[in-house]
Every structure is written in C-alpha cells, then in structure tokens.
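Chain and residue survey
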Amino acid sequence: MLKDIATPQRTKEILNKYGFSFKKSLGQNFLIDTNILRNIVNAANITESTGVIEVGPGIGALTEQLAKQAKKVVSYEIDQRLLPVLKDTLSPYDNVTIIHSDVLKANIQEMIEEHFQDVDDIMVVANLPYYVTTPILMKLLEEHLPIRGIVVMIQAEVADRIAAKPGTKDYGALSIAAQYFAQAEKVMTVPATVFVPQPRVDSAVLRLTIREEPAVQVESEDYFFTVFHACFANRRKTILNNLVHNLGPKEKKSEIEAALEEAEIDPKRRGETLSLAEFAKLSDALLKRLA
Ligand code: SAM
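Residues numbered from 1 in each chain as written. Predicted model: local features only at pLDDT ≥ 70, side-chain atom pairs only at ≥ 80, totals over all residues. Heavy atoms only, no water.

**Some points on the domain arrangement of the protein**
Selection rule: Segment limits for the domains were obtained from an automatic or database-derived domain assignment. Buried area adds together the accessible area that both of two parts lose upon being put together, with accessible area traced by a 1.4 Å probe. Salt bridges are identified by distance alone: a Lys or Arg side-chain nitrogen within 4 Å of an Asp or Glu carboxyl oxygen.
Here the domain parsing of the protein yields domain 1 (8-210) and domain 2 (221-290). The gap between the C-alpha centroids of domain 1 and domain 2 is 35 Å. Note on domain 1 versus domain 2: buried area summed over both sides is about 1,100 Å², and carbon and sulfur give 68% of it. A per-residue breakdown of the area domain 1 buries against domain 2 is headed by Tyr171, Ile176 and Tyr180, which together make up 48% of the total. At the boundary of domain 1 and domain 2, one finds 0 salt bridges.

**Quick look at the side chain of Glu251**
We apply this condition: Only DSSP runs of H or I reaching four residues or more are called helices, and only runs of E reaching two or more are called strands; each is numbered from the N terminus. Exposure is judged per residue with a 1.4 Å probe applied to protein chains only, and the accessible area is read against the type maximum: over 50% gives exposed, under 20% gives buried, and values in between give partly exposed. Lys and Arg are tallied as positive, Asp and Glu as negative. Neither His nor the chain termini are counted. Here a polar contact is recorded for every N or O atom pair within 3.5 Å, except that within protein the pair must consist of a potential hydrogen donor and a potential acceptor, and residues adjacent in sequence are included only if both atoms are side-chain atoms. Two residues qualify as a contact provided that any one of their heavy atoms is within 4.5 Å of a heavy atom in the partner residue.
Here Glu251 shows up in the loop between helix H10 (239-246) and helix H11 (253-262). Of the side chains with opposite charge, Lys250 lies nearest to the buried Glu251, which makes no salt bridge, at 7.2 Å. Here the side chain of Glu251 touches Tyr223 through a polar contact of 2.7 Å, side chain to side chain. Leaving out residues up to four positions away in the same chain, Glu251 has contacts with Tyr223, Ile256 and Leu290.

**What about the UniProt feature "binding site: S-adenosyl-L-methionine" (unreviewed entry) in the protein?**
Here is the rule we go by: UniProt positions are given in the numbering used here, feature names are shortened, and annotations may be inferred rather than shown by experiment.
Feature annotation in UniProt assigns "binding site: S-adenosyl-L-methionine" (unreviewed entry) to the following positions: Asn29, Leu31, Gly56, Glu77, Asp102 and Asn127. Its location among the elements puts Leu31 in strand S1 (residues 30-31). Residue classification places Leu31 among the buried residues on the basis of a relative accessible area of 3%. When neighbours within four sequence positions are excluded, Leu31 is seen to be in contact with Ala6, Ile36, Leu37, Ile40, Ala61, Asn127, Met153, Val194 and Phe195. With respect to the element layout, Asn127 can be found in strand S5 (residues 121-127). Those residues in contact with Asn127 that lie beyond four places of it in its chain are Asn29, Leu31, Val55, Gly56, Leu62, Met153 and Phe195. Reaching out from Asn127, the side chain makes a polar contact with the backbone oxygen of Asn29 at a distance of 3.2 Å.

**Describing helix H5 (residues 108-115)**
Under the convention used in this document: The directions from the helix axis to the C-beta atoms form the arc being described.
Ile108, Met111, Ile112 and His115 are the residues of H5 that are buried. Each buried residue of H5 sits inside an arc of 100° when the element is viewed along its axis, so together they form one side. Counted as exposed and oriented over 90 degrees from the buried face of H5: Glu110 and Glu114. Turning to H5, the residues buried within the fold contact strand S2 (50-55), strand S3 (72-77), strand S4 (96-100), S5 and helix H6 (133-142). Its side-chain oxygen at 3.4 Å from the backbone nitrogen of Gln109, Asn107 defines the N-terminal cap of H5.

**Details of unusual backbone geometry**
In the segment running from Val196 into Pro197, the intervening peptide bond is cis, with an omega of -15°. Mapped onto the elements of the fold, Pro197 is located in the loop between strand S8 (195-196) and strand S9 (203-210). A positive phi angle, near 45°, is found at Asn45, a position not held by glycine. As for its placement among the helices and strands, Asn45 is situated in the loop between helix H2 (34-43) and S2. Residue His144 is not a glycine yet carries a positive backbone phi of 50°. On the basis of relative accessible area, His144 is assigned to the partly exposed category, the value being 48%.

**A word on the site of the ligand**
We count it as follows: For each residue, the test is whether any non-hydrogen atom lies within 4 Å of the molecule or strand; if one does, the residue is near. Polar here means any residue other than Ala, Val, Leu, Ile, Met, Phe, Trp, Tyr, Cys and Pro, which are nonpolar, and Asp, Glu, Lys and Arg, which are charged; Gly is therefore polar.
In the region of the ligand, 23 residues are neighbours, and Leu31, Gly56, Glu77, Asn127 and Tyr131 sit closest. Leu31 places a main-chain nitrogen or oxygen 2.8 Å from an oxygen atom of the ligand. Elements that contribute at least two residues to the shell around the ligand include exactly S1 and S3. Classifying every residue of the shell around the ligand by side-chain character gives 12 nonpolar, 7 polar and 4 charged.

**Considering the packing of H6 against helix H8 (residues 173-181)**
The line we're drawing: Each axis is a line fitted through C-alpha atoms, and for a helix only the stretch in contact is used; angles between axes span 0 to 180 degrees, taken between their N-to-C directions. Under this scheme an angle from 65 to 115 degrees is roughly perpendicular, one under 35 degrees roughly parallel, and one over 145 degrees roughly antiparallel; angles in between are oblique. Take the far helix as your reference; a near helix turned counterclockwise from it by less than a right angle gives a left-handed crossing, and one turned clockwise gives a right-handed crossing.
The geometry of H6 relative to H8 is characterised by a closest axis approach of 10 Å and an angle of 30° between their N-to-C directions. Classified by the interaxial angle, the pair formed by H6 and H8 is roughly parallel. Taken as a pair, H6 and H8 cross one another with a handedness that is left-handed. Residue-level inspection shows Thr134, Met138, Leu141 and Glu142 of H6 in contact with H8, the latter providing Leu174, Ala177, Ala178 and Phe181. Within the contact of H6 with H8, the residues separate by chemical class into 6 nonpolar, 1 polar and 1 charged.

**A word on the environment of Glu272**
Relative to the helices and strands, Glu272 resides in the loop between H11 and helix H12 (276-290). Residue classification places Glu272 among the partly exposed residues on the basis of a relative accessible area of 23%. Sequence separation between Glu272 and Lys169 is 103 residues; the distance between their C-alpha atoms is 7.6 Å. Apart from the residues within four sequence positions on either side, Glu272 is in contact with Pro166, Gly167, Thr168, Tyr171, Phe232 and Arg235.

Okay, here's the thing in structure tokens:
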C-alpha cells in the first residue's frame, strides 16, 4: 500500500521522479501534512454521495483525500506539466477527472451538468493558488452555481477580510460581496510549515456556506455591487464623498444626498460602518433616482 501523497517523503519522491520545479507565478505551494488535509475535508462535510470540484490539484495531495470520501472529484489544473504526474499519483482512484484549464476561463456550469447529475450535493474544496484567490472565489459565487459551499485554504489576511463584521478594520467590499452570497467562517489558521515550498504569508481555512437566498434583497444585484464598491474606493473618505467621486456620471450630488436621506444613512459615515442591509437600502434608493 502506497503512503499518502501528502507526506514530505512521498512528495519529495514524486517531485524527483518527474524533475518537477515549482512555478511561483502559479501559486504552487503543495500541502505535505495529512492532518491538515483531514481537517479541510472534514470542514466540507463530504459524504459518499457528494460531488467535489477542486481547483489546482498540484500532485494530488488533497485530491486523493477527497477521492476517498466523495462520490466524484473534478479538478481543474492549469499547469500542463502536472498532468502526467496526476495520472500516475491518482491512478488508484477511478472517481477523479482532471480538466486541464485555467479555472477562471472554465465553464463550470456546463461541467456540473456533464459530471454531477448523479450526486446529492456539490462542494468546492481547494488549496487555492494565492495570486488569484479573490477572482476565483468571486467567480464561484457570482455564477450562482448549484453548490452547497466552498472550503478553501487561502491567505489568512484574505480569510479575515471575507469573514469580517461591520465596524472592524478588515470589513470592506470583499466581506460584503462574499457575505451577500454566503455565510463565512474562518475554520482554522495554518502555519507555513505544512507547505512545500513554504508561502511567505500565514494561511487559513475558510468555509463559505451558500445561502438559499442572498443575505439582502435588492432591485439590481449589479448596481448594489457598484454602490458598495464605490463606497470603499477610498476608505478615509465619507460615503457621500466616495459616492460623488466614484459612481457614474449620471448620479448627481443632490440625488445622492436625497438617497442617503431616504435610506436613513448619515452622509458623514464611512463605508466600513454600514451593514449589508444599509447598503441594500442605499442601492435601491439611488437606483430609483436614476430611472
Ligand atoms: N492542491 C495541491 C495541494 O494542496 O498540494 C496544490 C495547491 S497549489 C496552492 C495551487 C495549484 O493551483 C497548483 O497546482 C497550480 O498549478 C494550480 N493553479 C494555479 N492557477 C490556476 C488556475 N488559474 N486554474 C487552475 N489551476 C491553477
């Protein structure tokens, strides 16, 4: 019986066998600790009828643990050099499909229709490449995919921002975007020593549980996103100043002031103090004045 891929010794053997050199530009930091992998898999509550989408299998450390628990795993890998490696390391598992693609360009909805007709639920589980953490998470959330949740290893600082509450220094546009679609929790922080090579930042496991309905109801989701992004364009500015300078040319100062009044929001407040409900009210009040 082969040892798990995610041990320092087996990882070294695999890397040597294929003469693999890490590409920093692809965020390649592989996990070499089976305990951490078990914690990630446990956090995702995977059963034998779960379909799992993975981003970036690397040499298959996490993929292997997912394949043992789930019905199926479909994994997107951008680095062609890893394809023969994965074919070899994952050969004991017949429930894994590797797709050679940049996940940001992939049609995930179509893949789900093709591969996940016979599963009860779908989870995304990944040790993400840190250079594209935010675009990948936003793609997964904004495409309204039929997934139950997302469990990912990411930079601790980004996990803190995503899970932040209003009024804290970490709360910003990313917190609102993620919390609009999902409930966010930081599951654990992870030391750099469980990776090879070790990343220069601290890491954390984040769990996003997708809401059945978004956290707030808005007339236009696109406009809601435009409004809260504008409110955080300059964190030191008041909401009024940010909106005046960062919304489109159609929104006039007097109308912005009237919308703030209707939403019962003091124009001197800063974006970081507003709840999702307040941003929703403000977005609808502004939109009404544009029509
Ligand atoms: N899952 C492995 C592990 O935990 O050991 C590797 C994780 S490593 C942090 C990130 C992986 O994502 C690498 O294999 C890298 O080649 C891949 N990757 C980077 N950018 C990607 C993208 N845009 N689409 C798909 N995979 C990507």
